[in-house]
Amino acid sequence: MSELLIAFGLFFVIEGLVYALAPSFIRKMAEELPLISDQQMRAFGLAAIGLGVFIVWMIRG
């Protein structure tokens, strides 16, 4: 359970860094989101999930 809380904490740190270091980039990306199809969003989401699972699997063995 503590590892899950650590993961959430790291997620918030990374999200905060993105907003703090590149606010204009985030604003531009938010404007572009309606132009991306649902199918593309799902594909990117599934790819991110796969990459995340792979990284955890490699680290945890």
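Residues numbered from 1 in each chain as written. Predicted model: local features only at pLDDT ≥ 70, side-chain atom pairs only at ≥ 80, totals over all residues. Heavy atoms only, no water.

J.: Hey, could you go over the overall build of the chain for me, with residue numbers and the actual values?
T.: Regarding its fold elements, the chain presents 3 helices and 0 strands. Across the chain, helices and strands are ordered from the amino to the carboxyl terminus as α-α-α. The C-alpha atoms of the chain give 15 Å as radius of gyration, which overshoots the globular expectation for 61 residues (10 Å, by more than 25%). With the C-alpha coordinates aligned to their principal axes, the bounding extent of the chain is approximately 40 × 30 × 15 Å. When the 61 residues of the chain are sorted by exposure, 0% land in the buried category. Accessible surface computed for the chain: about 5,700 Å², of which carbon and sulfur atoms make up 74%. In the chain, the 4 positive side-chain charges and the 5 negative ones have mean positions that sit 2 Å from each other. (Helix = DSSP H or I, 4+ residues; strand = E, 2+ residues; numbered from the N terminus. Rg over C-alpha atoms; globule rule 2.2 N^0.38 Å. Buried < 20%, exposed > 50% of the residue type's maximum accessible area, 1.4 Å probe, protein only. Areas by Shrake-Rupley, 256 points an atom, 1.4 Å probe, with all protein chains shown as cover. Lys, Arg positive; Asp, Glu negative; His and termini not counted. Charge placed at Lys NZ, Arg CZ, Asp CG, Glu CD.)

J.: Could you give an account of the layout of surface pockets, with specific residues and numbers?
T.: Computed from the structure, the largest pocket encloses a volume of approximately 350 Å³. Around the largest pocket sit E3, I6, A7, F8, L10, F11, I14, E15, V18, Y19, F25 and I26, which together line it. Among the elements of the structure, α1 (2–21) and α2 (23–32) are those that each provide at least two residues to the lining of the largest pocket. With 10 residues, the top contributor of residues to the lining of the largest pocket is α1. Of the residues that constitute the lining of the largest pocket, the class distribution is 10 nonpolar, no polar and 2 charged. By volume, the second largest pocket is sized at about 260 Å³. What lines the second largest pocket is A48, I49, L51, G52, V53, I55, V56, I59 and R60. Classifying every residue of the lining of the second largest pocket by side-chain character gives 7 nonpolar, 1 polar and 1 charged. (1 Å grid on protein atoms, 1.4 Å probe; cavity = no way out; pocket = protein on both sides within 12 Å on 5 of 7 lines; lining within 4 Å. Points joined across faces, edges and corners; volume = space filled by probe spheres on them. Nonpolar A, V, L, I, M, F, W, Y, C, P; charged D, E, K, R; others polar.)

J.: Provide a residue-level description of helix α3 (residues 38–60), including the pertinent values.
T.: End to end, α3 covers 32 Å across 23 residues, agreeing with the expected 33 Å (1.5 Å per residue, within 8%). For α3, the tally of buried residues reaches only 0 of 23 residues, placing the bulk of the element at the surface. Looking one or two places after α3, you find G61, whose phi comes out positive at around 70°. (Expected span 1.5 Å × (residues − 1).)

J.: Lay out the pattern of salt bridges in plain terms, naming residues and giving numbers.
T.: Inspection of the entire model under this criterion finds 1 salt bridge. Residue R60 is joined to E3 by a salt bridge in which the shortest nitrogen-to-oxygen separation is 3.0 Å. Pair noted here: R60 is in helix α3 and E3 is in helix α1, with a separation of 57 residues, a long-range link. What makes R60 exposed here is its relative accessible area of 59%. (Salt bridge = Lys/Arg side-chain N within 4 Å of Asp/Glu carboxyl O.)

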